[in-house]
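# Survey of secondary and tertiary structure
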Amino acid sequence: MILKKIVFLIFLLLLLFENGFPQDKSYEIPDIQVDVAIQQNGIVHIDEHRTYQFMGSFSWADYRLPKNGFSEIRNIQVFEGDSSFINTNNEQPGTFSVSEDGNDVVIKWFYQALDDNRTFTLSYDLADAVSVGPDWTEFFWNYIASGREKSTENLDINIQFPHAVSTDSLYVWLRTDAEKTKINKTPGVLTITAEDLTRHQSLQVRTAFPTSIFDMNSVTVTDPNLSLEWIQNDEAAYVQKKEQQAERQAYFDSITLEITILICALSIAVFILLYKKYGTRFPTRTISDRETILIPDSTPPAIIGKLMGNNITSGQHLVATIFDLARRGWFTIEEEKIEKDGFFSSESTEFRVRKVEPQPEDSLPTWEKMIVDHLNNQIENGYDKFDELFKEGEFKMSKWFPEWKKEVKAVYDEKNWIDKGSKKGVLLNIVAQAILIISSVALLILSENEFALIGMFVSALFMVGSFGIQRRTKEGQEMYKRWKAYRDGLKNADKRTIRMEMLDRHFIYAMALSLSQHHIETVVKSADDNDVVIFTWIILMQGSSHTPSSVAATVSTLASTSTSTFSSAGGGVGASAGAAGGGASGGAG
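Just so it is clear, the structure is predicted and the values come from calculations on it, not from any experiment.

Conventions we followed
- Residues numbered from 1 in each chain as written.
- Predicted model: local features only at pLDDT ≥ 70, side-chain atom pairs only at ≥ 80, totals over all residues.
- Heavy atoms only, no water.
- Helix = DSSP H or I, 4+ residues; strand = E, 2+ residues; numbered from the N terminus.
- Buried < 20%, exposed > 50% of the residue type's maximum accessible area, 1.4 Å probe, protein only.
- Contact = heavy atoms within 4.5 Å.
- Areas by Shrake-Rupley, 256 points an atom, 1.4 Å probe, with all protein chains shown as cover.
- Pairing = 2+ DSSP bridges.
- Axes fitted to C-alpha atoms, helices over the stretch in contact; angles between N-to-C directions.
- Parallel < 35°, antiparallel > 145°, perpendicular 65-115°, else oblique.
- Left-handed = near helix turned anticlockwise from the far one by under 90°.
- Nonpolar A, V, L, I, M, F, W, Y, C, P; charged D, E, K, R; others polar.
- Phe/Tyr/Trp six-rings, centres within 6.5 Å; stacked < 30°, edge-to-face > 60°.
- Salt bridge = Lys/Arg side-chain N within 4 Å of Asp/Glu carboxyl O.
- pLDDT = per-residue confidence, 0-100.
- Patch = residues over 30% accessible without salt bridge, like charges linked within 9 Å, V, L, I, M, F, W, Y side chains within 5 Å.
- Expected span 1.5 Å × (residues − 1).
- Arc of directions from axis to C-beta.

What follows deals with the overall build of the protein chain. When you go through the protein chain residue by residue, the secondary structure sums to twelve helices and 19 strands. Looking at the protein chain as a whole, 43% of its 589 residues qualify as buried. Sequence-distant contacts in the protein chain: of pairs separated by 6 or more residues, those separated by 24 or more amount to 77%. Put simply, the protein chain shows about 31,000 Å² of open surface, and 51% of that area lies on carbon and sulfur atoms.

Okay, structure coming up:
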């Protein structure tokens, strides 16, 4: 049943990736016509007419031509009908630019289109695009790229020679997976048509014709060994190779189902065996798991938060430590009301951190001293708002936060709560699952059967699960169980269970244990309605009645502000896009 659910989930993911996400605009390139003129001097002139169907607003398109099979491209022009685009770099409509990107020549042109069909023509000359032998010449060209962004409904190729070539002296070979292709040979003109080319299909056309059609005063022999026999033998070898590949693919395709099931079974079996040997948890029958609101011990919030958070140190642990330092007299946190100007005026609350003078004389561990030193420095420089503490000035959170986490980890490791021997099981599972992933990838390449993806995803899933094999020592498991009972107790706390003098410590640990906003607010509201709720280190605005509900709202806002400010301390990711190689390709936007 579990395997069926995994397979179903992977199937949905594949559908999502295949169909893509909804987009505000889209385009297609249904028709491409390529007119090739092989000239008497050996220069190949190409006019490529690309018809775009725009759904939405578009302002540019590009055309990428790999620098393969020619020595020089020149006389580049872009047209729309009789209108010629101007070669500039100002990105104005009616202009185009030419640049290089790695191994590609990139032609990019600019226009304005909205829900429209437009046909653009790209024109250029290629030098040394034909291989000239003593008696025979070859022109071998890839007219459409495999891996391009869009499929092509109709591709028409017209190749014109400088002089009439008898049909029995004109040889043509197609290299493509497309089924609907036609070749029409007439004296002096060769026409190839293809229909319904998917974005993964290319069309390479190899032609051989007599060298005598050229003006020999303008053309030189570039390959003295080139002959019709050599070309025919090379094509025969290619066909044989493709047949062998097809046989090999058919064989692997026939066993893909069985191999994939075997890979999935091995992946699951390896994980279970390693988990049983290295990851089985130590028994803790003597420790009660009954909910409690008694704080188990005095372990600092960030340290216990790491234990309860799968050995990860997060921004919330940093927030909880700041609050704990404030509770211990290093800082105060003041609530201020701010008014926003505008047609609809509004009020909101912000919090500032103030340094307490004199500072306590307590000695601090390095990881807490780092916070105190940094906050004091930011406050002295005028950055005392919560959203400024780790973002303003010359400070770089991306450098400071990893260093702080290292110091927390050093203290955490001294507790000996993690079984170091279980790390061997983690490593063995990662290696085993990696081998199975590689096997699935190889099967996918050899069989071209997407069912092999299931094995790859299952193995990847259990590779990620490797860290579940890592276990706690007996002492660490007992500590985890005590604090889990406390965490569960906080989630269900009420006024009958929480003592007023412990309220701020419960609030800090609720932050460190990653309780939800609702649970944190419930903890603060648990005070009796007749009690005045005061956190001595939080200075509330004057003129407000400090009831459990009002303080809960304020503290909840403080928790929300702090968490959103510090929880993204690790940085971000970016995105990139490009076109695959092999012939011409392009995009639009």
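So, about the sheet that holds strand β1 (residues 26–38). If you walk across this open sheet you meet the eight strands as β5-β4-β9-β2-β1-β12-β15-β14, and the pairing is mixed. Across the chains shown, the open sheet's two edge strands, defined by having one partner strand only, are β5 (83–84) and β14 (180–186).

Following E357, the chain continues to P358 via a peptide bond in cis, the omega torsion being -5 degrees. Relative to the assigned elements, P358 resides in the loop between β18 (346–355) and α5 (366–380). The residue D128 is not glycine, and still its phi comes out positive at about 60 degrees. Structurally, D128 is set in the loop between β9 (117–127) and β10 (131–132).

Within the secondary structure layout, E478 lies in helix α9 (residues 474–491). The class of E478 is buried, set by a relative accessible area of 17%.

Here we take up the packing of helix α7 (residues 422–447) against helix α8 (residues 452–464). In the contact formed by α7 and α8, the axes pass within 8 Å of each other and the chain directions differ by 165 degrees. With respect to each other, α7 and α8 are oriented roughly antiparallel. Read as a crossing pair, α7 and α8 show a hand that is left-handed. For the pair α7 and α8, contact is made by N429, I430, Q433, A434, L436, I437, S440, V441, L443 and L444 and by A452, L453, G455, M456, S459, A460, F462 and M463, respectively. Here the contact of α7 with α8 is composed, by residue class, of 13 nonpolar, five polar and no charged.

In the structure shown here, the tally under the stated rule is 30 aromatic pairs. Seen in terms of ring centroids, Y63 and Y124 are 6.2 Å apart; in terms of plane orientation they differ by 50 degrees. Their pairing is tilted. In this pair, Y63 is assigned in strand β3 (residues 57–66) and Y124 in strand β9, connecting sequence segments 61 residues apart. With respect to class, Y63 is no different from Y124; both count as buried. A network of ring pairs unites the aromatic residues Y27, Y52, F54, F58, F85, W109, Y111 and F120 as a single cluster.

Turning our attention to the pattern of salt bridges. As enumerated under the stated definition, the model contains 27 salt bridges in all. Between K355 and E380 there is a salt bridge whose closest N-O contact spans 3.8 Å. With K355 in strand β18 and E380 in helix α5, this pair connects stretches of sequence that are 25 residues apart. Its relative accessible area of 59% is what places E380 among the exposed residues. In this structure, the salt-bridge partner of K406 is E403, at a minimum N-O distance of 3.6 Å. Placement of both K406 and E403 in helix α6 (residues 397–414) is noted, with a separation of three residues, approximately one turn of the helix. By relative accessible area, K406 is classed as exposed at 53%.

Per-residue pLDDT for the protein chain averages 82, and the proportion of residues at 70 or more is 83%. Confidence over residues 1–5 falls short of pLDDT 50; this stretch has one contact with residues more than four positions distant or in other chains. Under a pLDDT of 50 for its full length, residues 567–583 has, in the predicted model, 20 contacts with residues more than four places off or in other chains.

Another aspect to go through is a nonpolar patch on the surface. The grouping of L257, I261 and F451 at the surface amounts to a nonpolar patch, some 260 Å² of accessible area in total. Mapping L257 onto the fold places it in helix α2 (residues 228–279).

With that settled, the discussion passes to the environment of I430. Summarising the element assignment, I430 is placed in helix α7. Residue I430 is classed as partly exposed on the basis of its relative accessible area of 26%. Remark: the alpha-carbon pair of I430 and S466, spanning 36 residues in sequence, is separated by 6.3 Å. Residues in contact with I430, not counting those within four places in the same chain, are M463, S466 and F467.

Right, let's get into the packing of helix α4 (residues 315–327) against α5. Their axes nearest at 11 Å, the elements α4 and α5 cross at an angle of 75 degrees. With respect to each other, α4 and α5 are oriented roughly perpendicular. Only W367, E368, I371, V372 and L375 of α5 make contact with α4, whose side of the interface consists of L318, T321, I322, D324 and L325. The residue inventory of the contact of α4 with α5, partitioned by class, reads seven nonpolar, one polar and two charged.

What follows deals with the sheet that holds strand β16 (residues 203–210). Taken in spatial order, the four strands make up an open sheet running β10-β11-β16-β13, and their pairing is antiparallel. With one partner strand each, in any of the chains shown, β10 and β13 (171–176) form the two edges of the open sheet. Taken together, the eight bridges between strand β11 (residues 136–144) and β16 define a ladder with antiparallel strand orientation. Counterpart to I144 in the pairing with β16 is L203. The strands touched by α2 are β11, β13 and β16; relative to β13, the strand with the most contacts, the crossing angle is about 25 degrees.

This part is about α6. Over its 18 residues, α6 extends 26 Å from the first C-alpha to the last, a length consistent with the 26 Å expected when each residue adds 1.5 Å. Taken as a whole, α6 has its buried residues at M397, W400, F401, W404, V408 and Y412. Down the axis of α6, the buried side of the element spans an arc of 110 degrees, and every buried residue falls inside it. Residues of α6 that are exposed and point over 90 degrees away from its buried face: S398, K399, K406 and E414. Contact partners of the buried residues in α6: α3 (301–308), α4 and α5. Once α6 finishes, N416 follows within two positions and takes phi at roughly 55 degrees, a positive value.

Next up on the list: helix α10 (residues 503–512). Of all the ten residues making up α10, nine are buried; the element is thus mostly covered by neighbouring parts of the structure. Residues of α10 that are buried: L503, D504, H506, F507, I508, Y509, A510, M511 and A512. Of the residues trailing α10, S514 is marked for its positive phi of about 60 degrees.

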